Amino acid sequence: MIRLENSRALLDLMNGLGIQLVFLDSEYRIQHICDTVAALDARGRDGLVGQCAWSCWPGLRSTGLEPLYRAVMTSRKPASWTGHDPFCFGSTRWLKVDIQPWEAGIVVTASEVTPQKRAEADLAATNERLGMMGAAAQDMIYDWDVSSGDILWGSTATSFFGIRPDPGTGLIVTTIADWDAITHPADHPRIWSSIQQAFHSGAELWFGEYRMRKGDGTWATLLDRASIVRDDAGRAVRLVGAIIDLTQARQSERELQRLHAQIGAIERDSAMGTMGATMAHELAQPLTAVESYLGAAELIAASVEPDHARLASCLARARESVDRTRQIIYRMKSLVTRGETQRTPIQLREAIGSVIDEVLAPYDDDDIAVHLEIDRDLMFVGDPVQLLQVLSNLVRNSAEAMRDCSDRQIRMVAKRDDDRACVECRIEDTGRGIAPELQHLIFSPFFTTKDRGAGVGLSVCRTIIEAHLGRIWYEAGPEGGSIFHIVLPLSSAPPLAAIA
């Protein structure tokens, strides 16, 4: 029998701590069990003491503890084991078993470690999930122990930084010195200062963007986001975060900025080209009129008995065309560069009359019949110079489209629509018309059906009409020719919303 009379205080302490205690003699017979073991086993102390441990607890053999007991009994060297409770079949409890030599036999102490084992299992499962999440999101997860300087990385750090797991633990661990070494020198002072400021300010979160050297030696732009773990005193003890690789995104942003700059340059060049072509196109008409009036004036002045009244009239008309040329330059520059229009009352019939006189001057106007159906008191508000440009373009297009036609007529109709608070204008001709497959292109910049056309006239017309909050569109005449429709808001009307 193992003498226990001098160990009563120790036994009482172990009972108080819930530690299971069993004494076995050299024949592995149970000599003593503590109160905890007696309470857990339904056979009680009397049913266990004196019995062989193998027969009382078959789990000692199935768990592999029997060979460990025998090894300690023979070698007289202590040993430990952790596993499911061998003393209770089917138990899910985890025990840590320590076996010590005791006089001629051995003493076995067992303490429950189920909570620790479950916590370890939960932690392992959590780490596995985090690793899978990090791998799926291509994030590099890390846990920086501030006091030791060690940084524990997720599995993606291997492929990104070329860091290999420790062969013994399987963990990817570096130090803060390693982090210093691969952080870009130009970014390191800023990022380190930012981290320290977050530590000392009591912040719970920190993030920063900086560059780090990858395993292949190239630099990557990273976004680092982390939570700051603090102790009871509020000191930062850990930084747990995830790093996203922004390299491709930043390269795409730079490429997009470069393309925007190129597009801006192209748009500026296009605007300058458009304005130049527009100016050339719009100035051609008044300058042609000036040439016609001055030519007529030269003929009158060269006659034997000059008609001074007619001479003065031609010169006055030439001066008016020069003045209109100056206004066109100013107004077109404002329209093309800033989209500006002036707003003054316009008497429509009077404006159209002046347009017809100027536009048809270079043509044989005796052969072009012009029909006006416009009320004399029809008024609306707009930019007179720009709207006269629209009418001039449309009338000139009609005249040119009828050059080879025997029947040459232009009909201009304008009426007020009080229900829709607008003025409707229609300009019809008996010319060649426009092929159906080209009709959708006629308002596009630089599109023309003329042999020597610039292709900007109708584009300018649409720009001007839309700047006046109106609409312009084309319709083929029922018996050939062209019909251009213009709708403009009245002076007292709000902007046109949807006028069919």
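See above for the structure.
The shown structure was predicted, so the numbers you read here are calculated from the model rather than taken from an experiment.

> Hey, could you run me through the overall build of the chain in this one?
Across its full length, the chain holds 15 helices and 18 strands. Taking as baseline every contact in the chain between residues at least 6 positions apart, the subset at least 24 positions apart corresponds to 54%. When the accessible area of the chain is evaluated, it comes to approximately 27800 Å², of which 54% is carbon and sulfur surface.

> It is not clear to me how a nonpolar patch on the surface should be interpreted in this structure. Could you clarify?
A contiguous nonpolar patch, built from Leu152, Leu171 and Val173 and spanning about 230 Å² of accessible area, is present on the exposed surface. By the element assignment, Val173 lies in strand E8 (residues 172-175).

> For this particular structure, what's the right way to read the environment of Met212?
Note on placement: Met212 falls in strand E9 (residues 205-213). Looking at Met212, the relative accessible area reads 0%, which means it is buried. Between the alpha carbons of Met212 and Thr183 there is a distance of 4.4 Å; along the sequence they are 29 residues apart. Among residues more than four places away in sequence, those in contact with Met212 are Phe161, Trp179, Ile182, Thr183, Thr218, Trp219, Ala220 and Leu222.

> Sorry if this is basic, but what is going on with the nonpolar core here?
Within soluble globular proteins, side chains that are nonpolar generally end up buried alongside one another. The biggest cluster of nonpolar side chains holds 40 residues, and the ones touching the most others in it are Leu348, Leu394, Met412 and Ile486. Contributions of two or more residues to this core are made by helix H13 (348-359), helix H14 (384-401), strand E15 (409-417), strand E16 (422-429), helix H15 (457-467), strand E17 (471-476) and strand E18 (482-489). No other element matches H14, which puts 7 residues into this core. Those residues in contact with Ile486, other than ones at most four positions away along the chain, are Val390, Leu394, Val423, Glu424, Cys425, Ile465, Arg471 and Ile472. Counting residues in each nonpolar core, the second largest holds 29 residues, with Phe23, Cys56, Val72 and Ala110 among its members.

> Which parts of the structure should I look at to understand the state of the cysteines?
The term disulfide refers to a covalent linkage connecting the sulfur atoms of a pair of cysteines. The full count for this structure, using the stated rule, is 0 disulfides. Of all cysteine sulfurs in the structure, the one in Cys425 sits closest to Cys422, which takes part in no disulfide; the separation is 9.5 Å. Using a relative accessible area of 0% as the deciding quantity, one classes Cys422 as buried.

> Please explain the environment of Ala476 as it appears in this structure.
You can see Ala476 is positioned in strand E17. The class of Ala476 is partly exposed, set by a relative accessible area of 37%. As a C-alpha pair, Ala476 and Gly433 span 43 residues in sequence and 6.7 Å in three-dimensional space. Here Ala476 is in contact with Gln439, Gly481 and Ile483, once residues within four sequence places are set aside.

> What should I look at first to understand H15 in this one?
Side chains of residues three or four places apart in an α-helix project in the same direction, reflecting 3.6 residues per turn. Buried residues of H15: Gly457, Leu458, Ser459, Val460, Cys461, Ile464 and Ile465, and no others. Looking one or two residues beyond H15, the residue adopting positive phi is Leu469, at roughly 65°.

Calculation rules
Residues numbered from 1 in each chain as written. Predicted model: local features only at pLDDT ≥ 70, side-chain atom pairs only at ≥ 80, totals over all residues. Heavy atoms only, no water. Helix = DSSP H or I, 4+ residues; strand = E, 2+ residues; numbered from the N terminus. Contact = heavy atoms within 4.5 Å. Areas by Shrake-Rupley, 256 points an atom, 1.4 Å probe, with all protein chains shown as cover. Patch = residues over 30% accessible without salt bridge, like charges linked within 9 Å, V, L, I, M, F, W, Y side chains within 5 Å. Salt bridge = Lys/Arg side-chain N within 4 Å of Asp/Glu carboxyl O. Buried < 20%, exposed > 50% of the residue type's maximum accessible area, 1.4 Å probe, protein only. Core = buried A, V, L, I, M, F, W, Y, C linked by side-chain atoms within 4.5 Å. Disulfide = S-S within 2.5 Å.

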